[in-house]
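# Residue-level structural notes
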Amino acid sequence: MSGFCIAVNACKSEQQIRYEQFVISGKNLYENHCANCHGKNGEGLRNLYPALTSSSKLGETAYLTCLIQNGSTGKEVNMPANPALYAIDIAQVITYLNDRWGEKKITETEEVAKVKC
Ligand code: HEC
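Just so it is clear, the model here is predicted, and its values are computed rather than measured.

All right, on to the overall build of the protein then. Looking only at helices and strands, one finds five helices and zero strands in the protein. Along the three orthogonal principal directions, the C-alpha set of the protein runs to about 55 × 30 × 25 Å. Counting the 117 residues in the protein, one finds 34% classified as buried. For the protein, the computed accessible surface area is about 7900 Å², with 53% contributed by carbon and sulfur atoms. Distance between charge centroids for the protein: 4 Å, based on 12 positive and 12 negative side chains.

Below you can see the structure in the form of structure tokens.
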């Protein structure tokens, strides 16, 4: 593709484009499946739903994968499971969370797919 670039600034690496695609899809998924509780800007809701802006869990792919897949029970307030999300969806959501509040790096579908919950 680089042959089509005219100005250097217009040239994004395929990796960069893929990253941005993950962030955009992840944003959609977040707004549909997560924002109700955690807030559009990750601010959370009082003591009910934790803020994600300062979560220490954002780098923990395995933990996040299982939490998003299976939800959490056993606390006063639970997080619901997301049985309809595929590994790629979860990878995109995690990439989005990190783009906004963590480390700007892609979480690959393969990393999510190999997690055993
Ligand atoms: C019905 C409300 C609800 C929805 C929807 C929801 N969560 Fe949660 N989430 C919670 C609750 C409650 C907790 C705390 C549960 C716990 O710690 O066991 C939590 C915990 C978390 C944590 C851990 C925060 C920390 O620092 O410990 C992350 C990350 C998270 N949710 C991400 C998501 C993502 C991503 C989605 C969408 C796929 C989502 N949540 C959807 C209620 C929700």
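In the neighbourhood of the ligand, 22 residues make up the surrounding shell, with Cys34, Cys37, His38, Ser55 and Met79 lying closest. One of the side-chain N or O atoms of Ser55 is found 2.7 Å from an oxygen atom in the ligand. No other element matches helix α3 (residues 61–70), which puts three residues into the shell around the ligand. When the residues that make up the shell around the ligand are grouped by side-chain class, the tally is 14 nonpolar, six polar and two charged.

With that settled, consider the nonpolar core. Tyr30, Ile68, Ile90, Ile94, Leu97 and Trp101 are the most contacted members of the largest nonpolar core, which has 21 residues in total. No other element matches the seven residues that helix α4 (residues 87–101) contributes to this core. With sequence-adjacent residues up to four places away left out, Ile68 is seen in contact with Met79, Pro80, Ala81, Asn82, Leu85, Ile90, Val93 and Ile94.

Basis of the calculations
- Along every chain, residues carry numbers that run from 1 in the direction the sequence is written.
- Only residues with pLDDT of 70 or above have their local features reported here, since the model is predicted, and side-chain atom pairs are shown and tallied only from 80 upward, although totals for entire chains, interfaces and linings are computed over all residues.
- Derived side-chain values reflect all non-hydrogen atoms in the structure, with water molecules and hydrogen atoms excluded from consideration.
- Note on conventions: DSSP H or I runs of at least 4 residues are helices, E runs of at least 2 residues are strands, and numbering of each starts at the N terminus.
- Exposed residues in this analysis have more than 50% of their type's maximum accessible area, buried residues have under 20%, and partly exposed residues fall in between, with area computed by a 1.4 Å probe over protein chains only.
- For every accessible area listed, the method is Shrake-Rupley and the probe measures 1.4 Å; residues are considered covered only by the protein chains on display.
- Asp and Glu are treated as the negative residues and Lys and Arg as the positive ones, with His and the ends of the chain left uncounted.
- We put the charge of a Lys on NZ, of an Arg on CZ, of an Asp on CG and of a Glu on CD.
- Proximity criterion: a residue is near a molecule or strand once any of its heavy atoms comes within 4 Å of it.
- In protein, a polar contact means a hydrogen-donor-capable atom and an acceptor-capable atom, both N or O and within 3.5 Å, with residues adjacent in sequence counting only if both atoms are side-chain atoms; elsewhere, any N or O pair within 3.5 Å suffices.
- Ten residues, namely Ala, Val, Leu, Ile, Met, Phe, Trp, Tyr, Cys and Pro, are considered nonpolar, four, namely Asp, Glu, Lys and Arg, are considered charged, and the remaining ones, Gly among them, are considered polar.
- We define a nonpolar core as any set of buried Ala, Val, Leu, Ile, Met, Phe, Trp, Tyr and Cys residues linked to one another through side-chain atoms lying within 4.5 Å.
- Residue contacts are defined here by distance: any two heavy atoms, one from each residue, within 4.5 Å place the two residues in contact.

Keep in mind that these numbers describe shape and distance, not what the molecule does.
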